[in-house]
Amino acid sequence: MSLILSPVVNAEPATLGGHFSGHRLDLAGLGDLASPVMGFDQYRMSGPTFAPHPHAGFSAVSYVFEDSPGGLRNRDSLQHDLVIEPGAMVWTQAGSGVVHDEFPARTGEEVHGVQIFINLPRRKKDLPPRMLAIAPADVPEVVDAAGNRTRVLTGRFADAASPVEPAEPFDLFDVTARGAWRFRVPARRNVLVYVLSGAVEVGAGDQVRQVKAFQAVAGQADEADDLHVKAREPAQFLLLSGTDPREPVAVYGPFIMNDQAQLTAAFERYRRGEMGRLSPIT
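A brief structural summary.

About the criteria used
Residues numbered from 1 in each chain as written. Predicted model: local features only at pLDDT ≥ 70, side-chain atom pairs only at ≥ 80, totals over all residues. Heavy atoms only, no water. 1 Å grid on protein atoms, 1.4 Å probe; cavity = no way out; pocket = protein on both sides within 12 Å on 5 of 7 lines; lining within 4 Å. Points joined across faces, edges and corners; volume = space filled by probe spheres on them. Helix = DSSP H or I, 4+ residues; strand = E, 2+ residues; numbered from the N terminus. Nonpolar A, V, L, I, M, F, W, Y, C, P; charged D, E, K, R; others polar. Pairing = 2+ DSSP bridges. Axes fitted to C-alpha atoms, helices over the stretch in contact; angles between N-to-C directions. Contact = heavy atoms within 4.5 Å. Core = buried A, V, L, I, M, F, W, Y, C linked by side-chain atoms within 4.5 Å. Buried < 20%, exposed > 50% of the residue type's maximum accessible area, 1.4 Å probe, protein only. Salt bridge = Lys/Arg side-chain N within 4 Å of Asp/Glu carboxyl O.

This next bit is on the layout of surface pockets. A volume near 570 Å³ is recorded for the largest pocket. In terms of lining residues, the largest pocket is bounded by 27 residues, among which Arg24, Asp41, Phe50, Gln115 and Phe117 are the most central. Taken together, the elements giving at least two residues each to the lining of the largest pocket come down to strand S2 (9-16), strand S3 (20-25), strand S4 (37-45), strand S5 (53-55), strand S10 (98-104) and strand S11 (111-119). A per-element tally of the lining of the largest pocket places S4 first, with six residues. Its residues assigned to classes, the lining of the largest pocket comprises 16 nonpolar, seven polar and four charged. One number sums up the size of the second largest pocket: a volume of about 180 Å³.

Printed below as a string of structure tokens:
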């Protein structure tokens, strides 16, 4: 058996101020099987919550769900200023460092989305920062005979490939499931299934996990193997699959590095203004 599944873990409720509530996934409960995913928050936001802040050493992914009443304004020190509309995604590849902020495009209009932090390997932590974006109409979709609909935000599924190409290969799918669905997990990859609504059965070989809303299961494949997901009722889930760098991890606030020296260097770059500045809000 190649694909080994973890126990099921929960996403615990989290609030911050009066404008933000959500569920934070217990990645520690998944152990190494969650890597390279380092953070995962499903949230609802109705007003400014976070001050402008830096990131370095990883990618910050913001995906706004199709059912979101409003869009998310995304600004960064590369001078991008855009609205992530419902169904769209922005992949901020922070690399050596970038400053950004995000808030509802219209105050009081709720944004329903997910923010995911994805680690970069040591050899790519110093890449120049880069912002990748995809509009709702440009997200490839696959509808199969069972009525399952798969939105391919990054990576490849069936005969569909996303135009978004991160520094490291990564599959990110938004799946509306009506029946049996299958994904071939590439060799030496980890995979994570997070259920947004409904309930599914996740299987690999003779392993079966029952997963419902605000829960997740992860797996690791030494060799390419099939992951089976069966909707026990109409369901929506996210699938994430990437490669574990299998390197030491050092975290300080908004920086994800390999050691203390890298963290110190990142903080000094930010302090000196080398990660750039945000333009005034207009």
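Another point: the sheet that holds strand S23 (residues 225-231). As summarised here, the arrangement of the four strands in space is S18-S23-S20-S21, forming an open sheet in which the pairing is antiparallel. Pairing within the sheet leaves two strands with one partner each, and these edge strands are strand S18 (180-185) and strand S21 (207-212). Going across the sheet, the axis of each strand differs from the next one's by a mean of 20°, ignoring polarity.

The residue Gly179 is located in the loop between strand S17 (171-177) and S18 in this model. Put simply, Gly179 and Asp67 are 112 residues apart on the chain and 21 Å apart in space, counted from C-alpha to C-alpha. With residues near it in sequence (within four places) discarded, Gly179 still touches Ala146, Asn148, Val229, Lys230 and Ala231.

Okay, the nonpolar core next. Among the nonpolar cores identified, the biggest contains 31 residues, and Leu25, Met89, Ile116 and Leu240 are the most heavily contacted of them. Those residues within four positions of Leu25 in sequence are excluded, and the remaining contacts are Val9, Asn10, Ala11, Phe40, Leu192, Tyr194 and Ala216. Core analysis: the second largest hydrophobic core is formed by 27 residues, Phe183, Val185, Val193 and Val229 among them.

Moving on, we get to the pattern of salt bridges. Per the stated rule, a full pass over the model turns up 17 salt bridges. Taking the shortest distance from any N to any O, the salt bridge between Glu268 and Arg271 comes out at 2.6 Å. Here Arg271 and Glu268 lie together in helix H1 (residues 260-271), a separation of three residues that amounts to about one turn. Given a relative accessible area of 23%, Glu268 falls into the partly exposed group.

This part covers unusual backbone geometry. That bond from Ser35 to Pro36 is cis: its omega, 15°, falls within 30 degrees of zero. Residue Ala158 is not a glycine yet carries a positive backbone phi of 55°. Along the polypeptide, Ala158 turns up in the loop between strand S15 (156-157) and strand S16 (160-161).

The four strands are arranged S5-S10-S7-S8 in an open sheet whose pairing can be described as antiparallel. Since the sheet does not close on itself, it has two edges, and those belong to S5 and strand S8 (81-84), each with one partner. With strand direction ignored, the average angle separating the axes of adjacent strands in the sheet is 35°. Across four bridges, strand S7 (residues 72-76) lies against S8 in antiparallel orientation. Across the sheet, the residue bridging to Asn74 is Leu82, located in S8.

Another aspect to go through is empty space enclosed by the protein. This structure, assessed with the given rule, holds one cavity of 30 Å³ or more. Empty space within the largest cavity amounts to approximately 30 Å³. Lining the largest cavity are Leu33, Ala34, Ser35, Pro36, Val37, Phe170, Asn190, Val191, Leu192, Leu240, Ser241 and Gly242. Of all the elements in the fold, those that place two or more residues in the lining of the largest cavity are strand S19 (189-197) and strand S24 (235-242). Partitioned by chemical class, the residues of the lining of the largest cavity number eight nonpolar, four polar and no charged.

Nothing here speaks to function; it is all geometry.
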